[in-house]
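Secondary and tertiary structure notes
So the chains spell out like this:
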Amino acid sequence: MSDKTRRVLVDTLYARPTALMFGALNGVLASAAVAFFTDKSTFYSLSFLLSSIAILRVVNANHLRHHPGDISIFRVETAYTVGAYAYALVLGLIAGASVQLDLPALAQVLMIANAIGYGVGVCAHNGARPKLAMAQLSLVSIPIFFAMIATHSRMGAFMAINIVLLFPAMYGVTSSVFRTLRQSINAAERSAQLASNMERLALTDHVTGLYNRAGLDRRLVEILATADERAQVAIFWVDLDRFKDVNELKGHQAGDKVLRETGERLTRLVDARGIVARFAGDEFVVVCPVAKRKTAEKLSEQMLAELVRPIRIDGERIEMGGSIGIAMLPDDGISADILLKRADLALFEAKADGSRQIRFFDHSMARDIAHRREIETELRRALRENELAVYFQPIVELETGRIRCFEALVRWFHPERGEISPDEFIPIAEESGAIVTLGNWLTAQAASVATSWPEEVRVAVNLSPLQLKVPGAALGIMSAFREAGLPPERLELEVTEGLFLEDSPNIAMFIEELSGMGVRFALDDFGTGYSSLGYINQWPFSKIKVDRSFVSGSQAGRKSDAIIRAVSQMGKSLGMEIVAEGLETIDQVRAVREAGCTHGQGYHFSRAVPAYQAALLLAEERETAPEELFRRRAG
């Protein structure tokens, strides 16, 4: 029997103190009446002893009723047992003595009825403790039994037999009450345990064993409610990098292991000082009291170090990383909702600044978010209402000066804000997911315009990495050039090196599917990232675009010239076109041509222009003599 069940059963002994009081009073009055009417000192003494025991039992019951948790279960049970045994024995002795001393018949009936009635009553009242009940019945009945035997009469013997037969009957009653009580208590315990388990499950994330969102909401409110007025509490919102790719490449079991390991690392960091919750997906929230802002900053740096530290899953090394946003109580808010929202805003800013960043909430973030949301909403409307335009910048063959390709660039002319820079709305489109719709729209518009150009002129579209990761992304590109009637060989898709840092199967499928149809791929902004030759060897690139920083930026010089020559030589060996970006002067054009670049792009040739002006450039080209065209464009 569990301690809890035992405590409940013992508590039932004191559940009805009024019944105990009236039962004791009845026995005391009966014994006092017998003593008074018989005027025998023995009965006066026994009556006084019975009254004293009764008073002590009532006082003890009332005390325990008002202080149930202050006394151990052993002492509670012992106090009741001693009092019950003493009262039953004295009451039985008085009844037995009334028979033994041959008191008047009514006096004997009064005491025997009280004693036997008490014994029967406690069997029901104390059914929660069968041994106690039967012991009380025995103590109150045995003196009467022997007194009846001592009468040496048939009625006395018959009475003794009746007392003996009373025991199995009362044992049955007591056992039945006990079983019913025990079953009820066990059922209540099981229900309470089930309710507790259900509550725990409702508040716990089944993958990591941490608090889930509901558990976080409850615990955060409790922590904030008990925090001292001058206390500081930091809320860290943690987001993992590349978790989706781990799920896709390694499977959900590996993803679950990453989540568990991350949760364990964060839990070890905060220890018993705070709590860790898995908020959703690959996001965790850590709540921890801190002495000052600097402490929160140091703790966040330790968290980021743990996120960056490789995780080994089934012998394989997995590198993750993450971003962290922080809000502080009371500086950034005093309610749980406000603090979580502001930690989320800080996380948003951290992710916008790149991977592995930490940001504390600042009130300017709210204004930035509002502006971003406004731009996002208006961008979606602009896509519906054709406010966007496609401009084209020529890519010129340096050997002849002829236009071989146009890069399609999106422009947004807002009816109220005027022209909005792509540097402003493209990142927002990527964050919101609108980049997929925007990219497909740009490809479709560019392909449609390109059908009116000469067959040897291609069109290039710059794709966002997010667009390529979307399952079925290739279908959107296919639909664009098929509906426009543009041969796939005339479409060129530009991607950056950053795309290949994440080993996504969707990217590989996208490139393989479209290159198999004849679509060309170009590696854009070469030299600004990792510049790994492995990418060039692995993927079917037909063109490399050298970043403008090597031509017209602060890095331009002898070293950059040497790099351009090396890349050009490599491209020539591999049969690839090498495009120099950012050409603004004829001297730059001559320099990159002498370095081995095959094509050039930049303001020297033309800025990005509307479709009709692109057509005019091609028309002008047809009417110009080759020598003049070369002299004018390529020097």
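Just above sits the structure.
Residues numbered from 1 in each chain as written. Predicted model: local features only at pLDDT ≥ 70, side-chain atom pairs only at ≥ 80, totals over all residues. Heavy atoms only, no water.

Before going further, it helps to examine unusual backbone geometry. Cis geometry marks the peptide bond from Leu-329 to Pro-330; its omega dihedral reads 5°. Within the secondary structure, Pro-330 is located in the loop between strand E6 (322-329) and helix H12 (336-352). Despite not being glycine, His-152 has its phi angle at roughly 55°, a positive value. Since its relative accessible area comes to 75%, His-152 is described here as exposed. Positive phi, close to 55°, is recorded for Asn-386, a residue that is not glycine. Among the structural elements, Asn-386 can be located in the loop between helix H13 (363-384) and strand E8 (388-397). A relative accessible area of 57% means that Asn-386 is categorised as exposed. (Helix = DSSP H or I, 4+ residues; strand = E, 2+ residues; numbered from the N terminus. Buried < 20%, exposed > 50% of the residue type's maximum accessible area, 1.4 Å probe, protein only.)

Of all hydrophobic cores here, the largest spans 75 residues; its most connected members are Leu-493, Phe-510 and Leu-514. In terms of residue count, the dominant contributor to this core is helix H15 (residues 434-450) (eight residues). In contact with Leu-493, other than residues within four places in its own chain, are Val-461, Leu-463, Ile-477, Phe-510, Leu-514, Val-519, Arg-520, Phe-521 and Ala-522. Counting residues in each nonpolar core, the second largest holds 37 residues, with Ala-88, Ile-94, Ala-107 and Ala-160 among its members. (Core = buried A, V, L, I, M, F, W, Y, C linked by side-chain atoms within 4.5 Å. Contact = heavy atoms within 4.5 Å.)

Turning our eyes to something else, we now look at the sheet that holds strand E1 (residues 232-240). Strands belonging to one sheet form pairs held by backbone hydrogen bonds; the direction of such a pair is parallel or antiparallel. Read across the sheet, five strands follow the order E2-E3-E1-E6-E7 without closing on themselves; strand pairing throughout is mixed. The strands lining the two open edges of the sheet, one partner per strand, are strand E2 (275-280) and strand E7 (358-360). Strand-to-strand, the axes of this sheet are offset by a mean angle of 20°, without reference to chain direction. In the sheet, E6 pairs with E7 via three bridges, with the strands oriented parallel. Bridging from a neighbouring strand, Ile-326 pairs with Phe-360 of E7. Packing of helix H8 (residues 213-226) onto the sheet brings it into contact with E1, E2, strand E3 (283-290) and E6, and relative to E2 it is tilted by some 140°. Contacts from H12 reach E1, E3, E6 and E7, with the element oriented near 145° to E6. (Pairing = 2+ DSSP bridges. Axes fitted to C-alpha atoms, helices over the stretch in contact; angles between N-to-C directions.)

Taking 1.5 Å per residue, 16 residues should reach 22 Å; helix H11 (residues 293-308) reaches 23 Å between its end C-alpha atoms and fits that length. Those residues of H11 that sit buried are Ala-296, Leu-299, Ser-300, Met-303, Leu-304, Glu-306 and Leu-307. For H11, the arc enclosing every buried residue in end-on projection is 155°, short of the 170-degree limit, so these residues lie on one face. With respect to the buried face of H11, the exposed residues turned more than 90 degrees away are Lys-294 and Lys-298. Here the buried face of H11 lies against E1, helix H10 (252-270), E3, E6 and E7. (Expected span 1.5 Å × (residues − 1). Arc of directions from axis to C-beta.)

The next subject is the packing of H15 against helix H17 (residues 473-484). The geometry of H15 relative to H17 is characterised by a closest axis approach of 8 Å and an angle of 25° between their N-to-C directions. Relative to H17, the element H15 lies roughly parallel. Of the two possible hands of crossing, H15 and H17 adopt the one that is right-handed. Residues Asn-440, Thr-443, Ala-444, Ala-447 and Ser-448 of H15 touch H17, and the partners they reach there are Gly-476, Ile-477, Ala-480, Phe-481 and Ala-484. For the contact of H15 with H17, a count of residues per class yields six nonpolar, four polar and no charged. (Parallel < 35°, antiparallel > 145°, perpendicular 65-115°, else oblique. Left-handed = near helix turned anticlockwise from the far one by under 90°. Nonpolar A, V, L, I, M, F, W, Y, C, P; charged D, E, K, R; others polar.)

All right, on to the packing of aromatic side chains then. Scanning all chains against the criterion turns up ten aromatic pairs. Measuring from ring centre to ring centre gives 4.8 Å for Phe-406 and Trp-453, while their planes differ by 45°; the resulting arrangement is tilted. Of this pair, Phe-406 sits in strand E9 (residues 403-414) while Trp-453 sits in the loop between H15 and strand E11 (458-462), and the two are 47 residues apart along the sequence. In this structure Phe-406 comes out as buried when scored by relative accessible area, which is 0%. When the ring of Trp-412 is compared with that of Phe-425, the centres are 5.5 Å apart and the planes differ by 85°; the resulting orientation is edge-to-face. Residue Trp-412 is found in strand E9, and its partner Phe-425 is found in helix H14 (residues 422-432); the two are separated by 13 residues along the sequence. Exposure class is identical for Trp-412 and Phe-425. Each is buried. Taken together, the aromatic side chains of Phe-392, Phe-406 and Trp-453 make up a single cluster linked through ring pairs. Directly above the aromatic system of Phe-348 lies the positively charged group of Arg-373, at a separation of 5.4 Å from the ring centroid. (Phe/Tyr/Trp six-rings, centres within 6.5 Å; stacked < 30°, edge-to-face > 60°. Lys NZ or Arg CZ within 6 Å of the ring centre and 35° of its normal.)

Burial analysis of E11 places four of its five residues in the buried class, which makes it a mostly covered element. Pairing of E9 with E11, which is carried by four bridges, proceeds in the parallel orientation. Among the inter-strand pairings, Cys-405 is bridged to a residue of E11, identified as Arg-458. For E11 and strand E12 (residues 491-496), the ladder comprises four bridges, and the chain directions are parallel. Pairing of Asn-462 across the sheet is with Glu-494, part of E12.

Glancing now at the packing of H17 against helix H18 (residues 505-517). In contact at an axis separation of 9 Å, H17 and H18 are set at 25° when each is read in the N-to-C sense. Judged on the interaxial angle alone, H18 and H17 are roughly parallel. The hand of the H17/H18 crossing is right-handed. Residues Ala-473, Ala-474, Ile-477, Met-478, Phe-481 and Arg-482 of H17 form the contact with H18, whose participating residues are Phe-510, Glu-513, Leu-514 and Met-517. When the residues that make up the contact of H17 with H18 are grouped by side-chain class, the tally is eight nonpolar, no polar and two charged.

Attention now moves to the side chain of Ser-175. If you trace the backbone, Ser-175 turns up in helix H7 (residues 154-203). Looking at Ser-175, its side chain comes within polar contact range of the main-chain oxygen of Tyr-171, at 2.8 Å. (Polar contact = N/O pair within 3.5 Å; in protein donor to acceptor, adjacent residues only side chain to side chain.)

Another point: the state of the cysteines. Working definition of a disulfide: a covalent bond connecting the sulfur atoms of two cysteines. Overall, the coordinates contain zero disulfides when judged by the stated rule. Between Cys-405, a cysteine without a disulfide, and Cys-597, which holds the nearest cysteine sulfur, the sulfur-to-sulfur distance is 16 Å. (Disulfide = S-S within 2.5 Å.)

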